[in-house]
Amino acid sequence: GINRRNMISYWGKNFKVALITPTSINISGAPGAAWDTDTTWPMVTANYLFKFPPFMLGLYGGYNQYKLGNITTDQEIDIKSWVYGVRFIFTSGPFTFKVMAFKAQNPQEYGMSSYNRTGATNGLGFMNSTYGAIYIAASNQLIDGELMGATSAVEYKINDMFKIRGGYMGIEG
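The model shown is predicted, which means the values in this text are computed figures rather than measured ones. (Residues numbered from 1 in each chain as written. Predicted model: local features only at pLDDT ≥ 70, side-chain atom pairs only at ≥ 80, totals over all residues. Heavy atoms only, no water.)

**So, the packing of aromatic side chains**
Then, in step 1: Counting across every chain of the model gives 7 aromatic pairs.
Then, in step 2: Each ring, one from Phe-15 and one from Tyr-48, has its centre 6.3 Å from the other, and the planes form 45°; the classification is tilted. You can see Phe-15 sitting in strand E2 (residues 15–20) and its partner Tyr-48 sitting in strand E4 (residues 43–52), a full 33 residues away along the chain.
Then, in step 3: You can call Tyr-48 partly exposed: its relative accessible area is 33%.
Then, in step 4: Site record: aromatic cluster; members linked through ring pairs are Phe-15, Tyr-48, Phe-50 and Phe-52. (Phe/Tyr/Trp six-rings, centres within 6.5 Å; stacked < 30°, edge-to-face > 60°. Helix = DSSP H or I, 4+ residues; strand = E, 2+ residues; numbered from the N terminus. Buried < 20%, exposed > 50% of the residue type's maximum accessible area, 1.4 Å probe, protein only.)

Structural data, given as structure tokens:
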């Protein structure tokens, strides 16, 4: 994930921006022994929160780029990944309604998921993600992975100790 990584960040009242140590994983189709990574630029993330009680609207986004270089042929592949989205929160009395939607390119390489390319499943037992970039050596082509998602949740606060929450999430890639 992208949490707990080295970064330089600025937090304003409703605005946050961070320069983070970039993600640089080997992509599918590029053998690990023959490739080297070059992370010249940091990952950039930003979000802004508009507050108009009882409404809140948040905009967020991020960009990550690195190069894979073939050690034997000096060939380089640019891997670009990004995410952007919006979230909306409405609170009225004991009820809270939340909606979020996002779109991402190469979310795997951005660091959005726990992924393990060494086995058939990740640490949680799920099949490996197909939302990452794929390199096809025969045609020297990079195919970007795309992902869109949305989630919604409704919460009812019974008292300070108990809440009931239900929600739905869907992704498409």
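**Notes on the pairing of strand E6 (residues 76–92)**
Then, in step 1: Here strand E5 (residues 55–70) runs beside E6; their pairing, made up of 15 bridges, is antiparallel. Bridge pairing in E6 links Phe-55 to Phe-90.
Then, in step 2: Connecting E5 to the next strand, E6, in antiparallel fashion are 5 residues, including Asp-74 with a positive phi near 60°.
Then, in step 3: Here E6 folds back onto strand E7 (residues 95–105), and the loop between the two strands holds 2 residues, one of which, Gly-93, carries a positive phi near 60°. (Pairing = 2+ DSSP bridges.)

**What to know about the confidence of the model for the protein**
Then, in step 1: On average, residues of the protein carry a pLDDT of 82, and 83% of them reach 70 or more.
Then, in step 2: Considering only residues more than four positions removed or in separate chains, one finds that residues 114–128, a stretch of pLDDT under 50, has 24 contacts. (pLDDT = per-residue confidence, 0-100. Contact = heavy atoms within 4.5 Å.)

**Looking at the pattern of salt bridges**
Then, in step 1: In the structure shown here, the tally under the stated rule is 5 salt bridges.
Then, in step 2: Between Asp-160 and Lys-157 there is a salt bridge whose closest N-O contact spans 3.3 Å.
Then, in step 3: Here Asp-160 falls in the exposed class, since its relative accessible area comes to 73%.
Then, in step 4: By relative accessible area, which is 37% here, Lys-157 ends up partly exposed.
Then, in step 5: Look at the salt bridges and you will find they share partners, linking Lys-67, Glu-76 and Asp-78 into a network. (Salt bridge = Lys/Arg side-chain N within 4 Å of Asp/Glu carboxyl O.)

**Describing the side chain of Asn-64**
Then, in step 1: Relative to the elements of secondary structure, Asn-64 occurs in strand E5.
Then, in step 2: With relative accessibility at 0%, the residue Asn-64 sits in the buried group.
Then, in step 3: Separated by 3.3 Å, the side chain of Asn-64 and the backbone oxygen of Glu-109 make a polar contact.
Then, in step 4: Setting aside residues no more than four positions away along its own chain, Asn-64 makes contact with Pro-22, Thr-23, Met-43, Ile-79, Lys-80, Ser-81, Glu-109 and Tyr-110. (Polar contact = N/O pair within 3.5 Å; in protein donor to acceptor, adjacent residues only side chain to side chain.)

**Topic: the environment of Ile-71**
Then, in step 1: Secondary-structure assignment places Ile-71 in the loop between E5 and E6.
Then, in step 2: When the C-alpha atoms of Ile-71 and Ala-34 are compared, they prove to be 5.5 Å apart, with 37 residues separating the residues in sequence.

**Considering unusual backbone geometry**
It is generally the case that most residues other than glycine have a negative phi and that most peptide bonds are trans.
Then, in step 1: Of note, the bond from Pro-53 into Pro-54 is cis; its omega dihedral lies within 30 degrees of zero at 10°.
Then, in step 2: Tracing the backbone shows Pro-54 in the loop between E4 and E5.
Then, in step 3: The phi torsion at Asn-106 lies on the positive side, around 50°, for a residue other than glycine.
Then, in step 4: Turning to its location among the elements, Asn-106 is positioned in the loop between E7 and helix H1 (107–110).

**Examining a nonpolar patch on the surface**
Then, in step 1: A cluster of nonpolar side chains, contributed by Phe-95, Phe-97, Val-99, Val-154, Tyr-156, Ile-158, Met-161, Phe-162 and Ile-164, occupies part of the molecular surface with about 870 Å² of accessible area.
Then, in step 2: Elements supplying a minimum of two residues to the nonpolar patch: E7 and strand E10 (146–157).
Then, in step 3: Looking at the nonpolar patch element by element, the count peaks at 3 residues for E7.
Then, in step 4: Relative to the helices and strands, Ile-164 is located in strand E11 (residues 163–172). (Patch = residues over 30% accessible without salt bridge, like charges linked within 9 Å, V, L, I, M, F, W, Y side chains within 5 Å. Areas by Shrake-Rupley, 256 points an atom, 1.4 Å probe, with all protein chains shown as cover.)

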